[in-house]
Amino acid sequence: MAIVLDNITYTYGVGTPFEKTALKGISVTIENGEFLGIIGHTGSGKSTFMKTILGLISPIEGTIEHDESFNAREIGYLAQQTQVQKDFPSSVEEVVLSGFVGHLGHRWFYNKKEKELAKEYMAKTGVNKLAKHCYRDLSGGQQQRTLLARALCAADKMILLDEPAAGLDPDAMQYMYDLISKLNKEGMTIVMITHDVPAVVQYANRIVRFMDGKV
């Protein structure tokens, strides 16, 4: 296993009139090398679940255990984009390299190995020829593949994806799913939130459905 979440409960706005329990006793094990699909209606707890895995929020009840060889800081994350992010005025190469920020420590600059890995991941996601292009000038599919390359820079064994193909045209969507599937076959653990049920049925080897904060 990579991660075991046991009886996880999380509540927003505790003690306020807006208090809402988003996760209610969730228990899920994520296996090394699997492709786990997460489905459910809006507000069912999917994104909160993913934030818990990333350590962005801490559950008020329950435990999270990682495999001894698993470094939780090296999880890649591709979130849903906001309009501000789509207009980001940096080059593709700069966006991809920023995936290494969490590895820099006290360094100010990316080292040779990181730059070489960034080139490798840009080639793997098909954006290497766009390295010097401005990110905001790319198509939606090119932007998503750039962000996937960035997530690979942060990742060692696992990537979390939140609606990675949302808003893409059919060809770009297919390209993205095929790319994610290829990464999984090469050994990367994939956890993907999506409303695209046919796609998750085709590509995932296990599906977890969320409903009102429960699995």
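These notes cover the structure that comes with them. (Residues numbered from 1 in each chain as written. Predicted model: local features only at pLDDT ≥ 70, side-chain atom pairs only at ≥ 80, totals over all residues. Heavy atoms only, no water.)

1. Details of the nonpolar core
Stage number 1. Ranked by internal contacts, the top residues of the largest apolar core, which has 40 residues, are Leu148, Ile159, Leu161, Ile180, Ile190 and Met192.
Stage number 2. Of all the secondary-structure elements, those providing two or more residues to this core are strand 3 (35–39), helix 3 (92–97), helix 4 (112–124), helix 5 (140–154), strand 6 (158–162), helix 6 (170–185), strand 7 (189–193) and helix 7 (197–203).
Stage number 3. Residues contacting Ile190, with those up to four places away along its chain left out, are Glu34, Phe35, Leu36, Ile159, Leu161, Ile180 and Asn184.
Stage number 4. Formed by 22 residues, the second largest nonpolar core is a distinct cluster that contains Leu5, Ile30, Ile57 and Val191. (Core = buried A, V, L, I, M, F, W, Y, C linked by side-chain atoms within 4.5 Å. Buried < 20%, exposed > 50% of the residue type's maximum accessible area, 1.4 Å probe, protein only. Helix = DSSP H or I, 4+ residues; strand = E, 2+ residues; numbered from the N terminus. Contact = heavy atoms within 4.5 Å.)

2. Quick word on the state of the cysteines
The term disulfide refers to a covalent linkage connecting the sulfur atoms of a pair of cysteines.
Stage number 1. Across all of its chains, the model carries 0 disulfides by this definition.
Stage number 2. Free cysteine Cys134: the closest other cysteine sulfur is in Cys153, separated by 18 Å. (Disulfide = S-S within 2.5 Å.)

3. Some remarks on the sheet that holds strand 1 (residues 3–12)
Sheet strands pair via backbone hydrogen bonds, and the direction of the pair is either parallel or antiparallel.
Stage number 1. As summarised here, the arrangement of the 3 strands in space is 2-1-4, forming an open sheet in which the pairing is antiparallel. Where the open sheet ends on each side, the last strands, each with one partner, are strand 2 (20–30) and strand 4 (61–66). The mean inter-strand angle of the sheet, taken between neighbouring strand axes irrespective of direction, is 20°.
Stage number 2. As paired strands, strand 1 and strand 2 are joined by 7 bridges and run antiparallel to one another. When the sheet's bridge partners are listed, Tyr10 is paired in strand 2 with Leu23.
Stage number 3. The strands touched by helix 1 (residues 46–54) within the sheet are strand 1, strand 2 and strand 4, with strand 1 carrying the most contacts at an inclination of about 120°. (Pairing = 2+ DSSP bridges. Axes fitted to C-alpha atoms, helices over the stretch in contact; angles between N-to-C directions.)

4. Things to note about the sheet that holds strand 6
Stage number 1. Here 5 strands make up an open sheet; going across it, the order is 5-6-7-3-8 and the pairing parallel. Unpaired on one side and paired on the other, strand 5 (75–78) and strand 8 (206–209) mark the two borders of the sheet. Taking the axes of each pair of neighbouring strands and ignoring which way they run, one obtains an average angle of 15° across the sheet.
Stage number 2. Strand direction decides the pairing type here: strand 5 and strand 6, joined by 4 bridges, are parallel.

5. A short note on the environment of Val95
Stage number 1. By secondary structure assignment, the location of Val95 is in helix 3.
Stage number 2. Once the C-alpha coordinates of Val95 and Leu152 are considered, the two residues, 57 residues apart in sequence, prove to be 12 Å apart.
Stage number 3. In this structure Val95 touches Phe88, Ser90, Tyr135, Thr146, Leu147 and Arg150, once residues within four positions along its chain are discounted.

6. Some remarks on the side chain of Thr146
Stage number 1. Position of Thr146 relative to the elements: it lies in helix 5.
Stage number 2. A distance of 2.9 Å separates a polar atom in the side chain of Thr146 from the backbone oxygen of Gln142.
Stage number 3. When neighbours within four sequence positions are excluded, Thr146 is seen to be in contact with Val92, Val95, Val96, Val127, Tyr135 and Leu138. (Polar contact = N/O pair within 3.5 Å; in protein donor to acceptor, adjacent residues only side chain to side chain.)

7. Concerning the packing of helix 4 against helix 5
Stage number 1. For the pair helix 4 and helix 5, the least separation of the axes is 9 Å and the interaxial angle reads 140°. With respect to helix 5, the axis of helix 4 lies oblique. The handedness of the crossing between helix 4 and helix 5 comes out as right-handed. Contacts from Ala118, Tyr121, Met122 and Lys124 of helix 4 reach helix 5 at Ala149, Leu152 and Cys153.
Stage number 2. Here the contact of helix 4 with helix 5 is built from residues that sort into 6 nonpolar, no polar and 1 charged. (Parallel < 35°, antiparallel > 145°, perpendicular 65-115°, else oblique. Left-handed = near helix turned anticlockwise from the far one by under 90°. Nonpolar A, V, L, I, M, F, W, Y, C, P; charged D, E, K, R; others polar.)

8. A few points about the pattern of salt bridges
Stage number 1. Counting across every chain of the model gives 4 salt bridges.
Stage number 2. For Glu34, the salt bridge is made with Arg206, and the minimal N-O distance between the two is 2.6 Å. Within this pair, whereas Glu34 is found in the loop between strand 2 and strand 3, its partner Arg206 is found in strand 8, the two being separated by 172 residues in sequence.
Stage number 3. We classify Arg206 as partly exposed; its relative accessible area is 30%.
Stage number 4. Where Glu186 meets Lys124, a salt bridge forms, and the shortest distance between an N and an O atom there is 3.4 Å. (Salt bridge = Lys/Arg side-chain N within 4 Å of Asp/Glu carboxyl O.)

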